[in-house]
Amino acid sequence: MEKDIFDQIASGKAPTVATELAPAPVPQAQVASREAQLIGYALSRHVPAMQRGFEVLTSYGPWRVDGELALLMAELMRQHLMNQLATVEARQ
């Protein structure tokens, strides 16, 4: 499976030319900062994955979160990331 721009950024192999960093041919995406792109990656990949369940690593060992609690925590994370994105966009 071919990796998209978000996978490249997450693995630290982002393209070197700024125009190649755009995840979509939308003007707003083309000028989005790296921070905004990383938040977009989390919103498009991590949050949906969290909805299917995830593990929290604690000093006492891993704790599995799934079902309704995973859905609630994913929604909380989505809201948090949307607030972060608004803050990043307000600084630009």
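Residues numbered from 1 in each chain as written. Predicted model: local features only at pLDDT ≥ 70, side-chain atom pairs only at ≥ 80, totals over all residues. Heavy atoms only, no water.

Caption draft 1: Fine view of the overall build of the protein. From N to C terminus, the protein includes 4 helices and 2 strands. The order of α-helices and β-strands along the protein, N terminus first, is α-α-α-β-β-α. Burial analysis of the protein (92 residues in total) assigns 25% to the buried set. Look at the contacts in the protein between residues 6 or more apart in sequence, and 44% of them connect residues 24 or more apart. When the accessible surface of the protein is split by element, carbon and sulfur atoms take 59% of a total near 6,700 Å². (Helix = DSSP H or I, 4+ residues; strand = E, 2+ residues; numbered from the N terminus. Buried < 20%, exposed > 50% of the residue type's maximum accessible area, 1.4 Å probe, protein only. Contact = heavy atoms within 4.5 Å. Areas by Shrake-Rupley, 256 points an atom, 1.4 Å probe, with all protein chains shown as cover.)

Caption draft 2: Region of the structure containing the environment of Glu-35. Note on placement: Glu-35 falls in helix α3 (residues 34-51). Exposure remark for Glu-35: the relative accessible area of 40% places this residue in the partly exposed category. Along the chain, Glu-35 and Gln-84 lie 49 residues apart, while their C-alpha atoms are 9.6 Å from each other. Residues within four places of Glu-35 in sequence aside, it is in contact with Val-88 and Arg-91.

Caption draft 3: How the structure looks around the pairing of strand β1 (residues 54-58). Note that β1 and strand β2 (residues 61-65) share 5 bridges and pair antiparallel. When the bridges of β2 are listed, Leu-57 appears paired with Pro-62. Remark: 2 residues form the turn of the hairpin made by β1 and β2, two consecutive strands paired antiparallel. (Pairing = 2+ DSSP bridges.)

Caption draft 4: Here's a closer look at the environment of Gly-67. For Gly-67, the location among the structural elements is in helix α4 (residues 67-91). Sequence spacing of Gly-67 and Arg-52 is 15 residues, and the spatial spacing of their C-alpha atoms is 7.4 Å.

Caption draft 5: Here's a closer look at the packing of α3 against α4. In contact at an axis separation of 9 Å, α3 and α4 are set at 170 degrees when each is read in the N-to-C sense. Taken together, the axes of α3 and α4 lie roughly antiparallel to each other. Contacts between α3 and α4 pair Glu-35, Ala-36, Ile-39, Ala-42, Leu-43, Val-47, Met-50 and Gln-51 from the former with Ala-70, Leu-71, Met-73, Ala-74, Met-77, Arg-78, Leu-81, Met-82, Gln-84, Leu-85, Val-88 and Arg-91 from the latter. (Axes fitted to C-alpha atoms, helices over the stretch in contact; angles between N-to-C directions. Parallel < 35°, antiparallel > 145°, perpendicular 65-115°, else oblique.)

Caption draft 6: Here's a closer look at the confidence of the model for the protein. When pLDDT is averaged along the protein, the result is 80, and 70% of the positions lie at 70 or above. Of all secondary-structure elements in the protein, the lowest mean pLDDT belongs to helix α2 (residues 27-30), at 53, while β2 reaches the highest, 97. Note that residues 17-27 has pLDDT below 50 and, in this model, 17 contacts with residues that lie over four places away or in other chains. (pLDDT = per-residue confidence, 0-100.)

Caption draft 7: The arrangement of the nonpolar core in detail. Counting 12 residues, the largest nonpolar core is built from Ala-36, Ile-39, Ala-42, Val-47, Met-50, Phe-54, Val-65, Ala-70, Ala-74, Leu-81, Leu-85 and Val-88. Counting residues per element, the ones that place at least two in this core are α3 and α4. Among residues more than four places away in sequence, those in contact with Ala-70 are Met-50, Gln-51, Gly-53, Phe-54 and Val-65. (Core = buried A, V, L, I, M, F, W, Y, C linked by side-chain atoms within 4.5 Å.)

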